[in-house]
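The chain contents come next:
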Amino acid sequence: MAETTAEIPVEGVEEYTTETPEAPQEYTSESLASRFGDPQPAAGTGRRKNAIARVRIIPGTGQWKINGRTLEGYFPNKVHQQEVNEPFKVLELEDRYDVVARISGGGISGQAGALRLGVARALNEADVDNNRGPLKKAGFLTRDARAVERKKAGLKKARKGTQYSKR
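Residues numbered from 1 in each chain as written. Predicted model: local features only at pLDDT ≥ 70, side-chain atom pairs only at ≥ 80, totals over all residues. Heavy atoms only, no water.

A. Highlighting the sheet that holds strand β4 (residues 97-104). The strand order across the open sheet formed by four strands is β1-β2-β4-β3, and the pairing between neighbours is mixed. Strand pairing shows two members of the sheet lacking a second neighbour, β1 (42-48) and β3 (64-66), which therefore form its edges. The sheet shows a mean angle of 15° between the axes of neighbouring strands, direction not considered. In the sheet, strand β2 (residues 51-59) pairs with β4 via eight bridges, with the strands oriented antiparallel. Directly across from A53, in β4, lies its bridge partner I103. The strands touched by helix α3 (residues 78-91) within the sheet are β2, β3 and β4, with β3 carrying the most contacts at an inclination of about 140°. On top of the sheet, helix α4 (residues 108-126) reaches β1, β2, β3 and β4; it is set at about 150° to β1, its chief contact. (Pairing = 2+ DSSP bridges. Helix = DSSP H or I, 4+ residues; strand = E, 2+ residues; numbered from the N terminus. Axes fitted to C-alpha atoms, helices over the stretch in contact; angles between N-to-C directions. Contact = heavy atoms within 4.5 Å.)

Shown next as structure tokens:
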């Protein structure tokens, strides 16, 4: 049997090649940066223990909105405020972004850790080339997987059992 291949003319395609054509000028990174400006808005999700933080950063004046409250209103403890601000301090971007976050679950400490991871991921997404190295070196892009161990059947807590009595 002889194989036949019928050539079907396709409009706009002269010949097929394995090479990728040049990107049009309208899609280059320079034109995108000029269209969106610098810095760019971005989003990130952070998790710590049972807390989940959905974070959105927008170029602005450094205002925080966490579940509709300010940073000081939501985290009255200065240690938690400092922990949440660390990614901005490492990159020297304080007061350049407004942060809008929705946090649910967990306790105050877990929520602060989740918010820090969410902010770091959003900053990484905003400018991967410049922000990833310092954030990674500081350990802000690593998710802390430690969580409370579950209670096992027959025990009082996760590992605590009843005391053995000989008599």
